[in-house]
Amino acid sequence: MLETIEGLIGVPAPLLFGQLLLGLINGAFYAMLSLGLAVIFGLLNIINFTHGAQFMMGAFVAWMLLAWAGLGYWWAMLLSPLIVGFSGIILEKVFISRLYKLDHLYGLLLTLGLGLIIEGVFRNEFGSSGLPYRIPAELSGAWDLGFMFMPIYRGWVVVAALFFCIATWLIIEKTRLGAYLRAATERAELVQAFGINVPRMITLTYGAGVALAAVAGVLAAPIYSVNPQMGSNLIIVVFAVVVIGGMGSILGSIVTGFGLGIVEGLTKVFWPEASATVIFVIMAIVLLARPAGLFGKA
Amino acid sequence: MADTTGKPLLEVKDLEAWYGESHILHGVGIEVHPGEVVTLLGRNGAGKTTTLRAIMGLVGRRRGSIKYNDRETIGLRSDLIARAGIAYCPEERGIFASLNVTENLMLPPTVAPGGLGIDEIYKLFPNLKERANSQGTKLSGGEQQMLAIARILRTGAKLLLLDEPTEGLAPVIVQQIGAMIREIKARGFTVLLVEQNFRFAQTVADRHYVMEHGRVVDMVGNDELLTSLDRLHQYLGV
């Protein structure tokens, strides 16, 4: 069968599947990060350019927990989102909440600036060469799938990311809390006039979106080295994903995130030179054909 | 007949309100007693909607006094005003497109005991049950209005602020809304109603305040309405 695939498409099957898996993993990070951005944008109307730095913080907190407190990967999965999410709540309270009545541009400039400051502080403290973070023992090793070796940790990343994406989607679409969120995204003023403390909901939503970025950071720590630039490298692509999916669309960010990761992986197989730009080319085409994005409401 | 001799449920005094730089209300005074249905009549731009929004805490800035159940609410945020027991149904109805009918209905949290149970709501508004899973904004205008009122009857709020519930609806639906307002009055709710159509107001209300240029300029009891028609025509320009 593998020979048939190779005969059909003219590339070795292990290369194809290897790149598909890499694409799926990148897609998992795109999906989780653009999901957090979508949740935040929907309610706060702020494009959170600090998101990349918060992803990086998630990874660094995991590293610190291990290096300084001896707390391993699973503790980091729990504590890092809480710690980084809490720092997000403070940012929202102290800075971002002052901008809701102003133009989008102010939120963009503020969060971009905050992101640069956070990144600078970490570069100052930890240098830019990157720190290693080991794959937890339970998830190290690889499965032999017959046609390729699949590192267990990479499979775990895809499964965990899918879990967090679906859980977030379910909370927003199927629960009472989600109904408050959707309603407040449409008309916050009226939701508040029904007796719901919307300012507090906004703060907690920002914290939750940031916590999602931190979860992605913990998942990423053993794959990429933990370094201060890891967020800014990724976030540029994530913003393209958000634009393609449709700003603020929850389902759009999940589907587009995974989909574009796979497209990027396939491009590496068939036209490696284009793989770094394919997402931006798709973004340009989508913007021309559907300015509101694939899943956005015009 | 409602008891208008005791303490008012809602007492508004010298209410001024602003949207940004525009000064809209210039000292509004109204009283609504428990169990009453009171309307605010007046032309477009007289300040009726702004009065409701100011009571609900939805204007940029406000000054004066708004006492509900003898408690001053002028300094409260709108969610705390709602929690005190006042519910608001906006002119554009405020049905959420991203929520289905049931989610729209269940959205406002309970603020006090004594609201209508879901069975009672469905008995009053059978359409809402049939269309439970439809997108809220896919309902007809009349059904959306019913939904907008039904969801605040659930919450236990005793004072309902209704902003032009009959606007843009067919006469047969307007009659249904009239019947519904009489029904909720019979159940002991208190209603402050903004209306352009005083013929409709006449069928549901105990008293009418007339507003002009951000002030209350007159008050007419429903029993005096027929003898005051000339005066009202002058105010309302109908």
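Scoring rules and cut-offs
- Residues numbered from 1 in each chain as written.
- Chains lettered and ligands numbered in written order.
- Predicted model: local features only at pLDDT ≥ 70, side-chain atom pairs only at ≥ 80, totals over all residues.
- pLDDT = per-residue confidence, 0-100.
- Helix = DSSP H or I, 4+ residues; strand = E, 2+ residues; numbered from the N terminus.
- Axes fitted to C-alpha atoms, helices over the stretch in contact; angles between N-to-C directions.
- Parallel < 35°, antiparallel > 145°, perpendicular 65-115°, else oblique.
- Contact = placed C-beta atoms within 7 Å.
- Nonpolar A, V, L, I, M, F, W, Y, C, P; charged D, E, K, R; others polar.
- Buried ≥ 20, exposed ≤ 12 C-beta atoms within 10 Å, placed from the backbone.
- Pairing = 2+ DSSP bridges.
- Expected span 1.5 Å × (residues − 1).
- Arc of directions from axis to C-beta.
- Left-handed = near helix turned anticlockwise from the far one by under 90°.

J.: What is the right way to read the confidence of the model for chain B from this model?
T.: A low pLDDT means the predicted coordinates there should not be read in detail. Per-residue confidence for chain B gives a mean pLDDT of 92, with 98% of residues at or over 70. Element-level mean pLDDT values for chain B span from 82 in helix α9 (residues 229-236) of chain B up to 97 in strand β7 (residues 159-163) of chain B.

J.: Just checking my understanding: could you explain the packing of helix α6 (residues 152-174) of chain A against helix α7 (residues 176-193) of chain A for this structure?
T.: Describing two packed helices takes the angle between their axes plus the distance from one axis to the other. Residue and element names in this part refer to chain A. Two elements in contact, α6 and α7, have axes whose closest approach is 5 Å; the angle formed by their N-to-C orientations is 75°. Between α6 and α7, the angle falls in the class roughly perpendicular. Between α6 and α7, the contacting residues are I171, I172, E173 and K174 on the first element and L177, G178, L181 and R182 on the second. Its residues placed into classes, the contact of α6 with α7 shows four nonpolar, one polar and three charged.

J.: Looking at this model, I keep getting lost on the interface of chain B and chain A. Mind explaining?
T.: Put simply, an interface is often sized by how much accessible area is lost when its parts join up. Each partner contributes residues to the interface: chain B has 18 residues there, and chain A has 14 residues. Per element, the largest residue contribution to the side of chain B that touches chain A is four residues, and it comes from helix α2 (residues 78-84) of chain B. Residues that form the side of chain B that touches chain A fall into these classes: twelve nonpolar, three polar and three charged.

J.: Would you explain the pairing of strand β3 (residues 37-42) of chain B in this entry?
T.: Regular strands have side chains that alternate between both faces of the sheet. All names here are of chain B. Most of β3 sits inside the fold, with six of its six residues counted as buried. Along β3, one buried face is formed by V37, T39 and L41 and the opposite face, lined by V38, L40 and G42, is buried too. Inspection of the sheet shows β3 paired to strand β8 (residues 190-194) by four bridges, in the parallel sense. Looking across to β8, one finds that V38 is bridged to L192. The pairing of β3 with strand β9 (residues 207-212) spans five bridges and is classified as parallel. Pairing of L40 across the sheet is with Y209, part of β9.

J.: What am I meant to see in the sheet that holds strand β4 (residues 61-68) of chain B here?
T.: Sheet strands pair via backbone hydrogen bonds, and the direction of the pair is either parallel or antiparallel. All names here are of chain B. Spatially, four strands are ordered β2-β1-β4-β5 in an open sheet, and the strand pairing comes out antiparallel. Every interior strand has two partners, whereas the edge strands, β2 (22-32) and β5 (71-72), have only one. Both strand β1 (residues 10-19) and β4 contribute to a ladder of seven bridges, which runs antiparallel. Paired with W18 across the bridge in β4 is R61.

J.: How do you make sense of the pairing of strand β6 (residues 86-89) of chain B when you look at a structure like this?
T.: All names here are of chain B. Here β6 shows a buried face lined by I86 and Y88 and a second buried face lined by A87 and C89. Here β6 runs beside β7; their pairing, made up of four bridges, is parallel. Across the sheet, the residue bridging to Y88 is L161, located in β7.

J.: Please explain the sheet that holds β7 of chain B as it appears in this structure.
T.: All names here are of chain B. The mixed open sheet is built from six strands, whose spatial order is β6-β7-β8-β3-β9-β10. With partners counted over all chains shown, the strands left at the sheet margins are β6 and β10 (215-221), one partner each. Neighbour to neighbour, the strand axes of the sheet diverge by 20° on average, direction disregarded. Sheet analysis places β9 next to β10, joined by six bridges and oriented antiparallel. Following the sheet pairing, H208 is matched in β10 by V220. Where α9 meets the sheet, its contacts fall on β3, β9 and β10, and the angle it forms with β10 comes to roughly 155°.

J.: Could you clarify how one ought to interpret helix α11 (residues 278-289) of chain A in this entry?
T.: Since one α-helical turn is 3.6 residues long, residues separated by three or four positions face the same way. Residue and element names in this part refer to chain A. Its twelve residues give α11 an end-to-end C-alpha distance of 17 Å, which sits within 8% of 16 Å, the value for a rise of 1.5 Å per residue. Every buried residue belonging to α11 is among I279, I282, M283 and V286, and all of these are buried. Projection of α11 onto a plane perpendicular to its axis shows the buried side chains occupying an angular sector of 105°, all on one side. In α11, the exposed positions angled more than 90 degrees off the buried face are occupied by V281, I285 and L288. On its buried side, α11 packs onto α9 (230-245) and α10 (250-270).

J.: Would you mind going over the packing of α7 of chain A against helix α8 (residues 198-220) of chain A with me for this structure?
T.: Residue and element names in this part refer to chain A. Closest axis-to-axis distance for the α7/α8 pair is 10 Å, and the angle between their directions is 150°. One finds that α7 runs roughly antiparallel with respect to α8. Handedness of the α7/α8 crossing: left-handed. The residues of α8 that touch α7, namely those facing Y180, L181, A184, A188, V191 and Q192, are V198, M201 and T205. Residues that form the contact of α7 with α8 fall into these classes: seven nonpolar, two polar and no charged.

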